[in-house]
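Fold and contact review
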Amino acid sequence: MFSKYLIVAAAAVTLATSALAQTVTEYYVVQDVTTKKCIIVDKKPTTTTVVQVGPLGFKTRTEAEAGMKTIQVCTTN
């Protein structure tokens, strides 16, 4: 009987952890190195075709959009 509860508890913890991991999203302001155009992405840049120009990350897309308006390299091009 006890093992039944243990299995159910383990399954619940696994599902809850998985759901929490999926909801954490950060937004980054990056600049394309060839076009110099700034865009917002939801994954940290790992390629050499774009460079991150904003702070480490924004919690919401709205914050990223507002932040992009204050980043000098994004407003001069």
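The structure we're discussing is the one just above.
Predicted model, so just to flag it, every value in this text is computed and none were measured.

Quick word on the nonpolar core
A general tendency of soluble globular proteins is for nonpolar side chains to be buried together. Counting 8 residues, the largest nonpolar core is built from Tyr27, Val29, Cys38, Ile40, Phe58, Ala64, Ile71 and Cys74. Those residues in contact with Tyr27, other than ones at most four positions away along the chain, are Ile40, Val41, Asp42, Gly57, Phe58, Lys59, Thr60, Arg61 and Ala64.

Quick word on the environment of Gly57
Along the chain, Gly57 falls in the loop between strand S3 (50-52) and helix H2 (61-68). Along the sequence, Gly57 and Val41 sit 16 residues apart, while their C-alpha atoms lie 9.9 Å from each other.

Topic: the sheet that holds strand S1 (residues 28-32)
Judged by pairing direction, the sheet is antiparallel, and its 3 strands sit side by side in the order S2-S1-S3 without closing on themselves. If you trace the sheet from one side to the other, it starts and ends with strand S2 (38-41) and S3, each paired once. Within the sheet, the average angular offset between the axes of one strand and its neighbour, ignoring direction, is 40 degrees. Note that S1 and S3 share 3 bridges and pair antiparallel. Residue pairing in the sheet places Asp32 in a bridge with Val50 of S3. Set on the sheet, H2 makes contact with S1 and S2; between it and S2 the angle comes to about 165 degrees.

Here we look at unusual backbone geometry
Most peptide bonds take the trans configuration, and most residues that are not glycine carry a negative phi. The phi dihedral of Lys36 is positive, around 65 degrees, even though this residue is not glycine. Along the polypeptide, Lys36 turns up in the loop between S1 and S2.

Re the pattern of salt bridges
Across all of its chains, the model carries 1 salt bridge by this definition. One salt bridge connects Glu65 with Arg61, and the closest N-O pair in it is separated by 3.6 Å. Of the two residues, Glu65 and Arg61 both sit in helix H2, 4 residues apart, roughly one turn of that helix. Accessibility expressed as a relative area gives 37% for Glu65, which makes it partly exposed.

Examining the side chain of Gln31
Inspection of the secondary structure assignment puts Gln31 in strand S1. Residue Gln31 is classed as buried on the basis of its relative accessible area of 9%. One polar contact links the side chain of Gln31 to the main-chain carbonyl oxygen of Lys36, over a distance of 3.1 Å.

Conventions adopted
Residues numbered from 1 in each chain as written. Predicted model: local features only at pLDDT ≥ 70, side-chain atom pairs only at ≥ 80, totals over all residues. Heavy atoms only, no water. Core = buried A, V, L, I, M, F, W, Y, C linked by side-chain atoms within 4.5 Å. Buried < 20%, exposed > 50% of the residue type's maximum accessible area, 1.4 Å probe, protein only. Contact = heavy atoms within 4.5 Å. Helix = DSSP H or I, 4+ residues; strand = E, 2+ residues; numbered from the N terminus. Pairing = 2+ DSSP bridges. Axes fitted to C-alpha atoms, helices over the stretch in contact; angles between N-to-C directions. Salt bridge = Lys/Arg side-chain N within 4 Å of Asp/Glu carboxyl O. Polar contact = N/O pair within 3.5 Å; in protein donor to acceptor, adjacent residues only side chain to side chain.

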